[in-house]
Amino acid sequence: MKGLFVKDIRMMMGQKKFFCLVFLMAVVLNFSSDSVYVVYYLTFVCSFFAMNSISYDEADNGYPFLFTLPIDRSIYVREKYLFGIALNVSSWLAGMCVALIFAVVKNNIPAFTENILAMALMLPVMLIFNSVVFPLIFKFGSEKGKIVMLCVFGIAFFIGYMLSRLMNLEKLIHTANGYPASVLALSLVAVTVLILIVSCAVSVMIMKKKEL
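In this text the structure is predicted, and so the values were computed from the model without any measurement.

Rules used throughout
- Numbers given for residues are sequential positions, taken from 1 along each chain in its written order.
- With pLDDT at 70 or above as the cut-off, local features in this predicted model cover only qualifying residues; side-chain atom pairs require 80 or more to be listed or tallied, and sums for whole chains, interfaces and linings still use all residues.
- The side-chain quantities take in all heavy atoms of the structure and omit both hydrogens and water.
- Put simply, DSSP marks the helices as runs of H or I at least four residues long and the strands as runs of E at least two long, and each gets a number from the N terminus on.
- Between two residues, a contact is recorded if the distance between any of their heavy atoms is within 4.5 Å.
- To measure how exposed things are, a 1.4 Å probe is used in the Shrake-Rupley method; for residues, cover is taken only from the protein chains shown.
- The predictor attaches a confidence to each residue, and that confidence, scored 0 to 100, is pLDDT.
- Of the grid points, spaced at 1 Å and generated over the protein atoms alone, those admitting a 1.4 Å probe that cannot get out make up cavities, while open sets with protein on both sides within 12 Å along at least five of seven lines make up pockets; any residue with an atom within 4 Å of a point is treated as lining.
- Grid points are joined across faces, edges and corners, and a volume is the space filled by probe spheres set on the points.
- Three classes are used, and their members are as follows: Ala, Val, Leu, Ile, Met, Phe, Trp, Tyr, Cys and Pro are nonpolar, Asp, Glu, Lys and Arg are charged, and the others, Gly among them, are polar.
- Salt bridge, as applied in this entry: a Lys or Arg side-chain nitrogen positioned within 4 Å of an Asp or Glu carboxyl oxygen.
- For each residue, the accessible area found with a 1.4 Å probe, counting protein chains only, is set against the maximum for its type, and the residue is called buried under 20%, exposed over 50%, and partly exposed in between.
- Between the N-to-C directions of two axes lies an angle of 0 to 180 degrees, each axis being a line fitted to C-alpha atoms and, for a helix, fitted only over the stretch in contact.
- Put simply, angles under 35 degrees are roughly parallel, angles over 145 are roughly antiparallel, angles from 65 to 115 are roughly perpendicular, and the rest are oblique.
- With the far helix as reference, a near helix turned anticlockwise by less than a right angle produces a left-handed crossing, and one turned clockwise produces a right-handed crossing.
- Patches draw on residues past 30% relative accessible area with no salt bridge. Two like charges within 9 Å are joined, as are two nonpolar side chains (Val, Leu, Ile, Met, Phe, Trp, Tyr) within 5 Å.
- We call Phe, Tyr and Trp rings a pair once their centres come within 6.5 Å, taking the six-membered ring for Trp, and we label the pair stacked below 30 degrees between planes, edge-to-face above 60, and tilted otherwise.

1. Overview of the overall build of the chain
And then number 1: Each helix and strand in the chain was counted, giving ten helices and zero strands.
And then number 2: Counted from the first residue to the last, the chain has its helices and strands arranged as α-α-α-α-α-α-α-α-α-α.
And then number 3: A fraction of 78% describes how many contacts in the chain between residues 6 or more apart in sequence connect residues 24 or more apart.
And then number 4: Carbon and sulfur atoms make up 74% of the accessible area of the chain, which amounts to about 12800 Å² in all.

See below:
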């Protein structure tokens, strides 16, 4: 697994110009918008590289070559999840640091602290996003998987919109505010970890049945 992780990092370093541009855009974005969007932007864009790394492995009949190495399909899948988690966490931390630095420079700490909950929620949201997308990519391939992903999220958005119209969201938020922040945070962490574990298990089963 270590070799796969190093391979993906080296592949990522080969696109350092792209990541420098992404970071530069985040800095520019911080001048013209709220710090929340900077964290969203960095975490969202960088998380896609983990998905694209699967595309690079698929290209030019890469899977048969990879599996001549002393790795099996379950190790390959677990490495992709760990790589995705590492990218999400590192890009989220980078976004938080950029937002905090600009908040200090612009003497706007109150706005940063006011939005810290929204920024903190971005990390579990993106981890859950990857948990949904990875099985689709392993099942349908990188190109078809992205199309299926768009359809799934379109349906999910529609369902979420309809539920928001039918349910009293203000009442739900008020009910959630009645619980300690530590309880809500631990619950969110537990749910995110559970979703990641289930998603990884599903991806391993898909990959084991996949014809290469």
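Next comes the rest of the description.
2. Structural notes on the confidence of the model for the chain
And then number 1: For the chain, the mean per-residue pLDDT works out to 78, and 77% of the residues sit at or above 70.
And then number 2: Ranking the helices and strands of the chain by mean pLDDT puts helix 5 (residues 73-105) first, with 87, and helix 9 (residues 169-176) last, with 52.

3. Remarks on the layout of surface pockets
And then number 1: Roughly 370 Å³ of volume is contained in the second largest pocket.
And then number 2: Contributions of two or more residues to the lining of the second largest pocket are made by helix 3 (35-58) and helix 7 (116-140).
And then number 3: Split into classes, the residues belonging to the lining of the second largest pocket amount to eight nonpolar, no polar and no charged.

4. Regarding the pattern of salt bridges
And then number 1: All chains considered together, the criterion is met by two salt bridges.
And then number 2: With a closest N to O distance of 2.8 Å, K7 and D8 form a salt bridge.
And then number 3: For K7, a relative accessible area of 24% translates into the label partly exposed.
And then number 4: A relative accessible area of 0% means that D8 is categorised as buried.
And then number 5: Here D8 makes a salt bridge to K80, at a shortest N to O gap of 3.0 Å. Taken together, the residues span a long stretch of sequence, with D8 in helix 1 (residues 2-13) and K80 in helix 5 at a distance of 72 residues.

5. So, the packing of helix 5 against helix 7
And then number 1: The contact between helix 5 and helix 7 brings their axes to 10 Å, and the two run at 155 degrees. By the angle between their directions, the pair helix 5 and helix 7 is classed as roughly antiparallel. Crossing handedness for the pair helix 5 and helix 7: right-handed. Here Y76, V77, K80, Y81, G84, I85, N88, V89, W92, M96 and A99 of helix 5 lie close against helix 7, whose contacting residues are I116, M119, A120, M122, L123, M126, L127, N130, S131, F134, P135 and F138.
And then number 2: In terms of residue class, the contact of helix 5 with helix 7 is built from 18 nonpolar, four polar and one charged.

6. A word on the packing of helix 1 against helix 5
And then number 1: Running from amino to carboxyl end, helix 1 crosses helix 5 at an angle of 45 degrees, the nearest separation of the two axes being 9 Å. The angle between helix 1 and helix 5 falls in the class oblique. By crossing handedness, the relation of helix 1 to helix 5 is classed as right-handed. Taking contact as the criterion, the partners of L4, F5, K7, D8, I9 and M12 in helix 1 are, on helix 5, I75, Y76, E79, K80, L82, F83, A86 and L87.
And then number 2: In terms of residue class, the contact of helix 1 with helix 5 is built from ten nonpolar, no polar and four charged.

7. What to know about a nonpolar patch on the surface
And then number 1: Side chains of I116, L117, L121, V125 and L188 sit close together on the surface and give an oily, nonpolar patch of about 410 Å² of accessible area.
And then number 2: The element that contributes the greatest number of residues to the nonpolar patch is helix 7, accounting for four residues.

8. A word on the environment of N115
And then number 1: Of note, N115 is situated in the loop between helix 6 (109-114) and helix 7.
And then number 2: N115 gets classed as buried once you look at its relative accessible area, which sits at 16%.
And then number 3: Separated by 79 residues in the primary sequence, N115 and V36 place their C-alpha atoms 6.6 Å from one another.

9. Some words on the packing of aromatic side chains
And then number 1: Going through the model one piece at a time under the given rule, you end up with seven aromatic pairs.
And then number 2: Between Y81 and F134, the ring centres sit 4.9 Å apart and the planes meet at 70 degrees, which makes this aromatic pair edge-to-face. In this pair, Y81 is assigned in helix 5 and F134 in helix 7, connecting sequence segments 53 residues apart. Residue Y81 shares its accessibility class with F134, and that shared class is buried.
And then number 3: A ring pair is formed by F134 and F138, whose centres lie 6.3 Å apart and whose planes are at 50 degrees; its orientation type is tilted. With F134 and F138 both in helix 7 and four residues apart, the pair spans about one turn of that helix.
And then number 4: Taking relative accessible area as the criterion, F134 reaches 1% and is therefore assigned buried.
And then number 5: With relative accessibility at 1%, the residue F138 sits in the buried group.

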